[in-house]
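Architecture and fold: a report
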Amino acid sequence: MTPSLLGISADPLDLTSLVRLALDDAPPGRFGAIATFVGTVRDQNLGRQVSHLEYEAYEPLAAKALDAIGREVAREWPSVRLAVRHRIGRLDPGDASVVVVAASPHRAEAFQACRFAIERIKQVVPIWKREVFEGGQAWLEGATADPADAAARAVALARARGQLEEQAG
Amino acid sequence: MRILLFARLRDIARAGSLERQVPPACTVEDVWSALAAEWPELTAFRPALSAAVNAEFAPFSALVNEGDEVAFLPPVSGG
């Protein structure tokens with residue numbers, strides 16, 4: 001059975017494999033542009049030296065949330081094929097936590113869809129990371145997940161289009 | 001019903017999965033209130049919380065039935 005294009009994995013992530021999966025049944029040359037994003041664990045955060053991260057997910061809902069993001073991308077950029085893998089479990093600095101592949105005939109849509117996808121992943125997917133650092137540990141808390149929040153989706157879209165000032169995180 | 005708690009919520013309640021009886025006309029909000037009564041440290045999380053019933057996002061006004069799985073989600077930090 002072909003693995004889903006959008007999913008969670010406990011195994012180390014591999015960009016090349018995900019690109020290959022995204023292109024799998026497309027005729028050669030269908031996608032003139034393949035935009036990719038790899039998120040990796042940083043060794044420093046908020047002035048702390050990071051030992052490692054532990055990612056956990058509410059897996060059945062995370063899978064649905066990724067599918068919903070896939071539908072959002074398809075609605076906005078119908079020419080884009082999207083693939084996402086998010087890793088869970090223990091990750092060390094430098095390990096890839098998330099990989100996004102957006103393939104399209106042309107680059108504008110590929111770049112935008114790729115950026116949009118990672119912004120939405122960080123907004124709505126029920127995944128949490130616990131940071132273990134020198135001197136302690138802490139769950140990192142970002143957005144309150146609400147896929148129906150149109151304002152949040154608008155922010156993700158604006159970032160994808162390069163319309164918002166960049167911010168860290 | 002089964003109640004799932006994640007991340008910091010699980011740390012506070014010292015359990016990621018709890019089995020509880022469902023009173024009549026019970027909402028997600030009622031389930032949360034009962035948990036917060038048991039572990040007051042949870043109370044501060046309410047404004048930033050999301051909820052799911054049977055692995056679908058749900059409002060706190062949603063009704064909960066016997067056999068349901070209710071999950072409380074602190075602010076997410078994927079990516």
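Right above here is the structure, for reference.
Residues numbered from 1 in each chain as written. Chains lettered and ligands numbered in written order. Predicted model: local features only at pLDDT ≥ 70, side-chain atom pairs only at ≥ 80, totals over all residues. Heavy atoms only, no water.

Some remarks on the overall build of chain A
Along chain A, the regular secondary structure elements total 4 helices and 9 strands. Ordered by position in the sequence, the α and β elements of chain A form the string β-α-β-β-β-α-β-β-β-α-β-β-α. For chain A, whose C-alpha radius of gyration is 16 Å, the value lies close to the compact-globule estimate of 15 Å for 169 residues. Over its C-alpha atoms, taken along the principal directions, chain A stretches across nearly 50 × 35 × 25 Å. The proportion of buried residues among the 169 residues of chain A is 46%. Within chain A, counting contacts between residues at least 6 apart in sequence, those at least 24 apart form 73% of the total. Of the roughly 8,600 Å² of accessible surface on chain A, a fraction of 50% belongs to carbon and sulfur atoms. Each charge class in chain A can be summarised by its mean position, and for the 20 positive and 22 negative side chains these summaries are 4 Å apart. (Helix = DSSP H or I, 4+ residues; strand = E, 2+ residues; numbered from the N terminus. Rg over C-alpha atoms; globule rule 2.2 N^0.38 Å. Buried < 20%, exposed > 50% of the residue type's maximum accessible area, 1.4 Å probe, protein only. Contact = heavy atoms within 4.5 Å. Areas by Shrake-Rupley, 256 points an atom, 1.4 Å probe, with all protein chains shown as cover. Lys, Arg positive; Asp, Glu negative; His and termini not counted. Charge placed at Lys NZ, Arg CZ, Asp CG, Glu CD.)

As for the overall build of chain B
Broken down by element type, chain B carries 2 helices and 5 strands. When the elements of chain B are put in sequence order from the N terminus, they spell out β-α-β-α-β-β-β. Taking 79 residues into account, the globule formula puts the C-alpha radius of gyration at 12 Å, and chain B, at 12 Å, falls close to it. Across its three principal directions, the C-alpha atoms of chain B cover 35 × 25 × 20 Å. The 79 residues of chain B split such that 54% are buried. Taking the contacts inside chain B whose residues are at least 6 apart along the sequence as the reference set, 54% of them involve residues at least 24 apart. Summed over its atoms, the accessible surface of chain B is roughly 3,600 Å², and 55% of this surface lies on carbon and sulfur atoms. Here chain B holds 6 positive side-chain charges and 10 negative ones, and the gap between their average locations is 8 Å.

Looking at the interface of chain A and chain B
Of the residues lining the interface, 28 residues belong to chain A; the matching set on chain B comes to 24 residues. Here chain A meets chain B over a buried area of about 2,100 Å², counting both sides, of which 57% is carbon and sulfur. Linking chain A to chain B there are 2 salt bridges. Residue A:Glu56 pairs with B:Arg10 through a salt bridge whose shortest N-O separation is 2.8 Å. Where chain A meets chain B, there are 21 residue pairs in polar contact (both at pLDDT 80 or more). (Buried area = accessible area lost by both parts, 1.4 Å probe. Salt bridge = Lys/Arg side-chain N within 4 Å of Asp/Glu carboxyl O. Polar contact = N/O pair within 3.5 Å; in protein donor to acceptor, adjacent residues only side chain to side chain.)

So, the packing of helix H2 (residues 59-76) of chain A against helix H3 (residues 107-124) of chain A
All names here are of chain A. Where H2 contacts H3, the two axes come as close as 10 Å, and the packing angle between them is 145°. You can see that H2 and H3 cross each other, and the crossing is right-handed. Each of Ala65, Leu66, Ile69, Glu72 and Val73 in H2 lies in contact with H3, whose residues at this interface are Ala113, Phe116, Ala117, Arg120, Ile121 and Val124. Looking at the contact of H2 with H3 residue by residue, the classes come out as 9 nonpolar, no polar and 2 charged. (Axes fitted to C-alpha atoms, helices over the stretch in contact; angles between N-to-C directions. Left-handed = near helix turned anticlockwise from the far one by under 90°. Nonpolar A, V, L, I, M, F, W, Y, C, P; charged D, E, K, R; others polar.)

Section: the nonpolar core
Ranked by internal contacts, the top residues of the largest apolar core, which has 35 residues, are A:Ile69, A:Val73, A:Leu82, A:Val84, A:Val100, A:Ile121 and A:Val125. Of all elements in the fold, only strand E2 (33-40), strand E4 (48-57), H2, strand E5 (81-87), strand E7 (96-104), H3 and helix H4 (150-160) of chain A reach the threshold of two or more residues within this core. Core analysis: the next-biggest nonpolar cluster, separate from the first, contains 27 residues, B:Ile3, B:Ile12, B:Val28 and B:Trp32 among them. (Core = buried A, V, L, I, M, F, W, Y, C linked by side-chain atoms within 4.5 Å.)

Concerning the sheet that holds strand E1 (residues 6-9) of chain A
Residue and element names in this part refer to chain A. Strand order in the open sheet formed by 4 strands is E1-E5-E7-E2, and the pairing between neighbours is mixed. The strands lining the two open edges of the sheet, one partner per strand, are E1 and E2. The average undirected angle you get between the axes of adjacent strands in this sheet is 10°. The strands touched by H2 within the sheet are E1 and E5, with E1 carrying the most contacts at an inclination of about 150°. The sheet contacts of H3 involve E2, E5 and E7, and relative to E7 the element is tilted by about 150°. (Pairing = 2+ DSSP bridges.)

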